[in-house]
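Commentary on secondary and tertiary structure
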Amino acid sequence: MVSRINNLSIVKGYNRKDKVLLFIFSLVVGITGYFNPILYKMLIDDVFIKGELNGLYLIASMLVILFVIETVLSLLKQYYFIKNNKLNRVRIKLKIIKCLFGKDIELGLKHDSSKINMSIEEDVDAVSVFMTNYVIDLSVKVIYSLIYFTLLFFVNFKLLLMVLLIIPVNLLISIIMGYQYEKISKELWEVNENKRAFMFEVFQKWKEVKSLCLEEDNFDKFVGYIDKLKILSMKWMVKYILFENTYKTFRSELVDKLFLYFVGGLLIIKGQLTIGSLVQFMAYFSKLISEIDGISMTNTDYYKIKPALERITKIIGSTTTPSCQERKKKLYGDINFKNVSYKYSEELPVVLDGVNIRINACQKVAICAASGRGKTTLVKLLLGVIKPTQGEITVDGINIDRISAVDLHKNISSVMQEHIFFNLSIRENLYLAKMNATEEELICACKKADIMECIENLPEGFDTIIGENGIKLSGGQKQRLAIARVLLTDSPIMIFDEATSSLDSISASKIYKEIIGMSNKTIVIISHRLPDGLLYDKIIKI
């Protein structure tokens, strides 16, 4: 129980006032259940048997009043439940996103994007409903279970002994079913996540799927995921119907009604119990079993959402960026790789082995190497995306591990081989580099990247929507736009990793002449084939 509360406290999001009101209404709604059985007993023993018409009117009026009170309180309870549930969803989602934004790049890459999306949407929805119910609902059910148990003791102790045989079995069944639900929930989520990731990848690479005639193969894979979901859903239904529903029906029809009414009938015949008292006992017993079933269901529900809760707490509770990092608002661009080595995993060979590179501030440097020799790895290391397995990297004499990620990325801009664009206009994609950029700054950056003429020929100009990941642009246009975006940042350090691989040599040379001509910038151009006619301060081969 303590571990459950600790897990839930990580994603807590209650407003204290609403929590108290929800608890009060939940508690008061149950109080009306105390009076109904008493009225039923009076109706049978004092009205029906004795034939008192006035008593019939009085009890009927009281039952109507109780019904109205219970209905109003139930509506208020439902209102605060829905309100808390919606607030919890928003708070947990914001907490996850804020947590992800606060992590460094390396840690963020450990979380699969499709899994994060499912956690933000489906997992949060499941957990928020449970959270709204868990502490309050469980507390109220425990309180009323004790109250009804006490009332049953005073109505008839002998019948209560029969009840004591039922409760442990009920709880045992809920524990067994809970573990079963947890196992199936994990399997269902995993298959659903794989299916969603597969479909996302298929539609993202739709042109390749069509050009390679992979429609049938991908459809067969999709059908395979659906078949797995059918099997797991059937397992879920079989366990639910055969165990939970079958047991509850058996208990309700055979044990609750037949057995207790039989024993109660014997006590009535012997004169030890009145008919009204038996009806009162059964009413209280029904409410007690309802509360116990609720407690059991809460336990089962916990195991159902436990995998989702673990996934959310894994994202929220994982390590964040170290607090010992220094704030360096301005870097000048003195870069030093000292005996740096790196390999992507223990099984794979070393990509970089004892690399030593020194780049002075404001130098224009070219790094040349064949494909697969670790050029892009150098960029990732400098940006802090990955950490060296050996050696250190410094900027202005400070180890980059000690520079905050925010300051590092504000001072180092890069054009990588894979360009990321959003389904927005050209203007909005450029604003990602500088939100307050003027029209003149946009035009200047685009002219240097040799894309201004292309933009002017578009009907909407800068306001042209370029589609998801720039799908409406050619490869060369994407590279030019990515270069313009980096130039717009005006960062003191700029890195261009195969930034013109889709351009002809003349266009590439024209763009790089503009870039190298910028003063007060440390420029690093990385390529397996350097453009002709450029003057570099240093050419490094690895």
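Refer to the structure above for everything that follows.
A quick note: this is a predicted structure, and the numbers were derived from the prediction, not measured.

Okay, the overall build of the chain next. From N to C terminus, the chain includes 16 helices and 9 strands. Burial status across the chain gives 43% buried among its 542 residues. Carbon and sulfur atoms make up 61% of the accessible area of the chain, which amounts to about 29000 Å² in all.

Turning our eyes to something else, we now look at the pattern of salt bridges. Applying the stated criterion across every chain yields a total of 10 salt bridges. Arginine 480 is the salt-bridge partner of aspartate 450, the closest N and O atoms lying 3.8 Å from each other. In this pair, aspartate 450 is assigned in the loop between helix 13 (439–448) and helix 14 (452–456) and arginine 480 in helix 15 (residues 475–489), connecting sequence segments 30 residues apart. Of the residues examined, aspartate 450 reaches a relative accessible area of 25% and is grouped as partly exposed. By relative accessible area, arginine 480 is classed as buried at 15%. Between aspartate 490 and lysine 521 there is a salt bridge, with its nearest N and O atoms 2.6 Å apart. A residue pair is termed long-range when its members are at least 10 positions apart, and aspartate 490 in the loop between helix 15 and strand 7 (493–497) and lysine 521 in the loop between helix 16 (505–516) and strand 8 (522–527) qualify at 31 residues. Since its relative accessible area comes to 9%, lysine 521 is described here as buried.

In terms of burial, helix 10 (residues 375–383) is a largely internal element, 7 of the 9 residues being buried. For helix 10, the complete set of buried residues consists of Lys375, Thr377, Leu378, Val379, Leu381, Leu382 and Leu383. Where helix 10 terminates, the next one or two residues include glycine 384, which has phi positive at roughly 80 degrees.

Any two packed helices are characterised by the angle at which their axes cross and by the distance between the axes. Where helix 15 meets helix 16, the closest approach of the two axes is 12 Å, and the angle between their N-to-C directions is 0 degrees. Relative to helix 16, helix 15 is oriented roughly parallel. Facing helix 15, whose interface residues are Arg480, Ile483 and Leu487, helix 16 presents Ser507, Ile511 and Ile515. Here the contact of helix 15 with helix 16 is built from residues that sort into 4 nonpolar, 1 polar and 1 charged.

Another point: the side chain of glutamine 280. Tracing the backbone shows glutamine 280 in helix 9 (residues 275–317). Once you skip the residues sitting within four places of it in the chain, glutamine 280 turns out to touch Pro37, Ile38, Lys41 and Val155.

Turning to helix 15, a few remarks are in order. Along its 15 residues, helix 15 runs 22 Å from first to last C-alpha, staying within 8% of the 21 Å computed at 1.5 Å per residue. Burial runs high along helix 15: 11 of the 15 residues are buried. Listed as buried for helix 15 are Gly476, Gln479, Arg480, Leu481, Ala482, Ile483, Ala484, Arg485, Val486, Leu487 and Leu488. Contacts from the buried residues of helix 15 go to strand 6 (412–415), helix 12 (426–431), helix 13, strand 7 and helix 16.

Strand order across the open sheet formed by 5 strands is 6-7-8-3-9, with parallel pairing between neighbours. The open sheet has two edge strands with one neighbour each: strand 6 and strand 9 (538–541). Ignoring which end each strand starts from, the neighbouring axes of this sheet average 15 degrees apart. Pairing of strand 3 (residues 364–368) with strand 9 involves 4 bridges; the strand directions are parallel. When the sheet's bridge partners are listed, valine 365 is paired in strand 9 with lysine 538.

Quick look at the state of the cysteines now. Overall, the coordinates contain 0 disulfides when judged by the stated rule. You can see cysteine 446 has no disulfide; the closest cysteine sulfur is in cysteine 444, sitting 9.3 Å from it.

Here is what the cut-offs are and how they apply
Residues numbered from 1 in each chain as written. Predicted model: local features only at pLDDT ≥ 70, side-chain atom pairs only at ≥ 80, totals over all residues. Heavy atoms only, no water. Helix = DSSP H or I, 4+ residues; strand = E, 2+ residues; numbered from the N terminus. Buried < 20%, exposed > 50% of the residue type's maximum accessible area, 1.4 Å probe, protein only. Areas by Shrake-Rupley, 256 points an atom, 1.4 Å probe, with all protein chains shown as cover. Salt bridge = Lys/Arg side-chain N within 4 Å of Asp/Glu carboxyl O. Axes fitted to C-alpha atoms, helices over the stretch in contact; angles between N-to-C directions. Parallel < 35°, antiparallel > 145°, perpendicular 65-115°, else oblique. Contact = heavy atoms within 4.5 Å. Nonpolar A, V, L, I, M, F, W, Y, C, P; charged D, E, K, R; others polar. Expected span 1.5 Å × (residues − 1). Pairing = 2+ DSSP bridges. Disulfide = S-S within 2.5 Å.

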